[in-house]
Amino acid sequence: MRRRLALLLVVAMVGVGWPAGTTAGSTDAVVAATLDNGLRVLLLEDRRSSIVTVQTWYRVGSRNEARGATGIAHFLEHLMFRGTAKHGPGVFARLVERNGGQDNAFTSQDVTSYFVNIAADRLDLVLELEADRMHNLVLDPKIIDAERQVVIEERRTRTEDDPGGFLGEEVSALAFRAHPYGQPIIGWMGDITRITPEEIGAFYRTYYVPNNALLVVVGDFKAADVLAKVKATFGSIPRGAAPPAVTAVEPVQNGERRVLVYKQAELPIVYLGYPVPNQQSPDAAALEVLSVVLAAGRSSRLYRDLIHERQLALEAGGDYSYFALDPNLFWFWATPLPGQTAETLEKELLGHMERLRREPISDVELARAKNQIEASFVFQEDSIYRRASLLARFELIGGYALKDTYLDVIRAVTPADLQRVASAYFQDDKKNVGILLPKP
C-alpha cells in the first residue's frame, strides 16, 4: 500500500532543536523562487548538522501515461541513472557514493522524485549532476534493452509473484474505468516489453523540462548562495512546452464491483476500495483522521479488534492518499489467520464500516487519532529529508505554505464529521472488492 503522510506509529511528542527564528513545522524560513525557465525552487536552511538533501520532483507519474504505454514513467526513472554524455553509465551513483552520499528515486501515480543526501560541502556536485541529467540524458537503445530486463524482473518479483501486489493491481484496474489511476505504476508486462526507445525519448523531452520540475534543497547552507548556484546551474536549460494536462474524470460508480483471483499463496487476502475525494475536498481532513482511527498502529480499531482481541486476522489495515492529485481510493485490507476465511474477514471489515456510519466515535478516540497525526507530523521535522519531502508534497498540491495550516484542519475534525464522511463514501454500492484465494 501507499506510504502514509507520516509515520503514524509515533504517539508522543519530543523536543527538537530548530534553527534560530523558526518554529516546528513553520515555513516562514523557506526561500522560494521560480527561475525564468519555469523551474520552481524551495530552499530551507537547517544548520543542525553539516548535511544537505537535494530533491528533484517531476510532475509526472503513471497518471500521465497513455494506454498501451504504461510503465514508461517508472522505466524512465531507471534510465535516469544510466548516464549522460558527460557522466557515463553508473557515474552518477559512483560520484555520490565516493563523496559519502546516498541517492535513490521513486515513481508514483502523480510524481517521479529523485534525491541525494550528502555532506553540505558537496552540494555543488549534486546540483551539477541533477542539471545534467535533466537535459542531457543519453537514451541508447542497448541501455534501454538492458534496463528493460531489470524492470521486467522487478514486475515479476513485486507484483506477479507477490499475492498482495497482484490483488491490489486487480482491484485498481476494477475501480478505475476511465482514469489512469487504474493502471499499475510499474506498467503492464506487455507494455514494458513493447515500449520503444523513441517513445521513451519523447516522454523524457515532454516531462523532464524545468517548467515541470520542482527542486527542493534543505540543509546546512546559506539560501542566497544556493539560489545563485541553482540559477547558474539550471538557468540555461531551456523551458519546454507545457506538458499535456490529465483531463480524465472517473465516472460515478453505480454498483458494487468484485474480482476473485486464485494465486499461489499461503493465505487468502481481502481488499476493499472506496472512491473518495482528494485534499481539495473539505472532507479530506476527516478522511485522513478516519484512516488513523481505523488503521494506524496497535491502538487502531482494526488492529485491536481483528488482530489482538479476536485473533481473526494476521494483518489488517487501511490507507487514504491525502496528497493524490485526483480523487483516489480509500483502501482496506485483511489477511485471515489460518482457519479463518476471506468471507469472514470481508464481513468484519464491512461491519466496521457500518459501525462508523451508525455510531459517532468517542472524544477520547478522536483525540488519540489527532495526537498521532500531530506527533508524527512534528517528528518528520527531525529529518532534513522528510522536511524537504513535506515541502515538496504540499507545493505540488497547491503551495508549500499549506503545510502551516495542515494541523489546523486536522484539529477541527469532529465526531460528526467522521460519521458523515463514513456514510457518504463507505456505501455498499460504491465498494470495489478483491478476494485472493490460494490455489489448491
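Our subject in this report is the structure included herewith.

Criteria and cut-off values
Residues numbered from 1 in each chain as written. Predicted model: local features only at pLDDT ≥ 70, side-chain atom pairs only at ≥ 80, totals over all residues. Heavy atoms only, no water. Helix = DSSP H or I, 4+ residues; strand = E, 2+ residues; numbered from the N terminus. Rg over C-alpha atoms; globule rule 2.2 N^0.38 Å. Buried < 20%, exposed > 50% of the residue type's maximum accessible area, 1.4 Å probe, protein only. Contact = heavy atoms within 4.5 Å. Areas by Shrake-Rupley, 256 points an atom, 1.4 Å probe, with all protein chains shown as cover. Lys, Arg positive; Asp, Glu negative; His and termini not counted. Charge placed at Lys NZ, Arg CZ, Asp CG, Glu CD. Axes fitted to C-alpha atoms, helices over the stretch in contact; angles between N-to-C directions. Parallel < 35°, antiparallel > 145°, perpendicular 65-115°, else oblique. Left-handed = near helix turned anticlockwise from the far one by under 90°. Nonpolar A, V, L, I, M, F, W, Y, C, P; charged D, E, K, R; others polar. Phe/Tyr/Trp six-rings, centres within 6.5 Å; stacked < 30°, edge-to-face > 60°. Pairing = 2+ DSSP bridges. Salt bridge = Lys/Arg side-chain N within 4 Å of Asp/Glu carboxyl O.

## What about the overall build of the protein chain?
Okay, step 1: What the protein chain contains, in helices and strands, is 15 helices and 11 strands.
Okay, step 2: On C-alpha atoms alone, the protein chain measures out to a radius of gyration of 23 Å, which is about the 22 Å that the 2.2 N^0.38 rule sets for 440 residues.
Okay, step 3: In terms of principal-axis extent, the alpha carbons of the protein chain reach across some 60 × 55 × 40 Å.
Okay, step 4: The burial tally for the protein chain puts 56% of its 440 residues in the buried class.
Okay, step 5: Within the protein chain, contacts between residues at least 6 apart in sequence are counted, and of these 83% link residues at least 24 apart.
Okay, step 6: Summed over its atoms, the accessible surface of the protein chain is roughly 18600 Å², and 52% of this surface lies on carbon and sulfur atoms.
Okay, step 7: The protein chain carries 49 positive and 55 negative side-chain charges, and their two centres are separated by 0 Å.

## Section: the packing of helix α3 (residues 123-135) against helix α8 (residues 223-234)
Okay, step 1: Orientation of α3 relative to α8, taken along the N-to-C sense of each, is 30 degrees, at an axis distance of 9 Å. The pairing of α3 with α8 is recorded here as roughly parallel in orientation. Regarding α3 and α8, the two cross each other, and that crossing is right-handed. Across from Leu-123, Asp-124, Leu-127, Glu-128, Glu-130, Ala-131 and Met-134 in α3, the residues of α8 making contact are Val-226, Lys-229, Val-230, Thr-233 and Phe-234.
Okay, step 2: Here the contact of α3 with α8 is composed, by residue class, of seven nonpolar, one polar and four charged.

## A look at the packing of aromatic side chains
Okay, step 1: Taken as a whole and judged by the stated rule, the model has 23 aromatic pairs.
Okay, step 2: Consider the rings of Tyr-320 and Phe-330, whose centres lie 5.9 Å apart with planes at 25 degrees: the pair is stacked. With a gap of 10 residues between them, Tyr-320 in strand β9 (residues 313-320) and Phe-330 in strand β10 (residues 328-336) connect regions that are remote in the sequence.
Okay, step 3: Judged by its relative accessible area of 0%, Phe-330 is buried.

## Here's the deal with unusual backbone geometry
Okay, step 1: Non-glycine residue Gln-311 carries a positive phi angle of around 50 degrees.
Okay, step 2: Residue position: Gln-311 is located in the loop between α10 (301-309) and β9.

## A few points about the sheet that holds strand β8 (residues 269-276)
Okay, step 1: As summarised here, the arrangement of the five strands in space is β7-β11-β8-β10-β9, forming an open sheet in which the pairing is mixed. Edge positions in the open sheet fall to β7 (257-263) and β9, since each of these has one partner strand only. Across the sheet, the mean angle from the axis of one strand to that of its neighbour is 15 degrees, orientation sign disregarded.
Okay, step 2: Inspection of the sheet shows β7 paired to strand β11 (residues 432-438) by seven bridges, in the parallel sense. Paired with Tyr-262 across the strands is Leu-437, a residue of β11.

## As for the pattern of salt bridges
Okay, step 1: Taken as a whole and judged by the stated rule, the model has 37 salt bridges.
Okay, step 2: With its nearest N and O atoms 2.8 Å apart, the salt bridge here joins Arg-387 to Asp-46. Here Asp-46 lies in the loop between β2 (40-45) and β3 (51-58) and Arg-387 lies in helix α13 (residues 384-397), a separation of 341 residues in the sequence. This pair shows no difference in class: Arg-387 is buried, exactly as Asp-46 is.

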